[in-house]
Amino acid sequence: MAHGRPQMDLPEPSIKPANGWHCSHLFYHIDRAELSRLSQEQREQGVREMAAALDSTAEDAPTQMQSFIISGHKADFGLILFDPDPLKIDGVHQKLLQSSLGPTIRPTYSFVSLTEISEYVPSPEQYAQRLKAGGEDPDSPAYAAKVAAYEKRLPIMNEQRLTPTLPEWPSMCFYPMNKSRNVGANWFTTPFSARNSMMAEHAQSGMAFAGRATQVITVSLGMDDWEWGVTLWARCPDYLKDIVYKMRFDEASAKYAEFGPFYVGYLSSAEDIAIHCGLSR
């Protein structure tokens, strides 16, 4: 008989998550002084290498990858990358820095995180309770149909949370955030029932923008300076403004949320980025 601590069934050591994907948001500036020192041949070679590094169909590309022209002075272009292997994601970053354009590319900001299913995503039973709390008759056919429909789509929604397919919508906004620990507004000492109720309200605000805006929330606890990252995509920039404005009035945001820098960009190919940023003459 074995003595000592009981044996536990542990996963094999791995850099890949047990569930979901790694995610990185990477932002870059172009150093124009260094760019001016490159020959035409070096520029052309660098643009080809950049296009190869950002080719989402390449055999060694991350599972999901998008590139953006970034508005404002915080960055010139940015990337969003998802994959089970964090080194495959970082490989794109290394290819850019090792390219002929490498001396001109200055990393300005990065955010490292993981996909997750939030603890506030309701189970079918919790969803049914929310319907009753909202005045739905539990004996009505409408109530039964809503619960059945939710139970059917929940696995699909959870799969999208863990392994998201990124929309091809043109406008994107990213920002990191924390939940506050302030006296009188400490999220982490607030009872779960109250937090769950506030997040339900928050979710309802977001659902009002279905078809106009969508989001992926990733967790960075233990991985970066902020706790979560929020990435929004929209059919037009107006919806980015509208959804963030509406959700700021929810108690979960108005009382408990702290926000980092905002990055706004527009979905673009490597070739479009090169032209826009003056990499191609």
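Summarised in this report is the structure supplied together with it. (Residues numbered from 1 in each chain as written. Predicted model: local features only at pLDDT ≥ 70, side-chain atom pairs only at ≥ 80, totals over all residues. Heavy atoms only, no water.)

What follows covers the packing of aromatic side chains. Per the stated rule, a full pass over the model turns up 14 aromatic pairs. On the numbers, 5.3 Å between centres and 55° between planes, the contact of Phe111 with Phe174 is tilted. Highlighted residues: Phe111 in strand S4 (residues 105–115) and Phe174 in strand S5 (residues 171–179), separated in sequence by 63 residues. A residue is classified by how much of its surface remains accessible, and Phe174, at 0% relative accessible area, is buried. Centroid distance Tyr120 to Trp187: 6.0 Å. Interplanar angle 70°. Geometry classified as edge-to-face. With Tyr120 in the loop between S4 and helix H4 (124–133) and Trp187 in the loop between strand S7 (185–186) and helix H6 (192–207), this residue pair connects regions lying 67 residues apart in the sequence. Pair check on accessibility: Tyr120 and Trp187 agree, each one buried. Grouping aromatic residues by their ring pairs yields a cluster made of Phe27, Tyr109, Phe111, Phe174 and Tyr263. Arg212 extends its terminal NZ or CZ atom over the ring of Tyr239, reaching a point 5.4 Å from the ring centre. Its guanidinium or amino end placed over the ring of Phe259, Arg248 lies 3.9 Å from that ring's centre, counting from NZ or CZ. (Phe/Tyr/Trp six-rings, centres within 6.5 Å; stacked < 30°, edge-to-face > 60°. Helix = DSSP H or I, 4+ residues; strand = E, 2+ residues; numbered from the N terminus. Buried < 20%, exposed > 50% of the residue type's maximum accessible area, 1.4 Å probe, protein only. Lys NZ or Arg CZ within 6 Å of the ring centre and 35° of its normal.)

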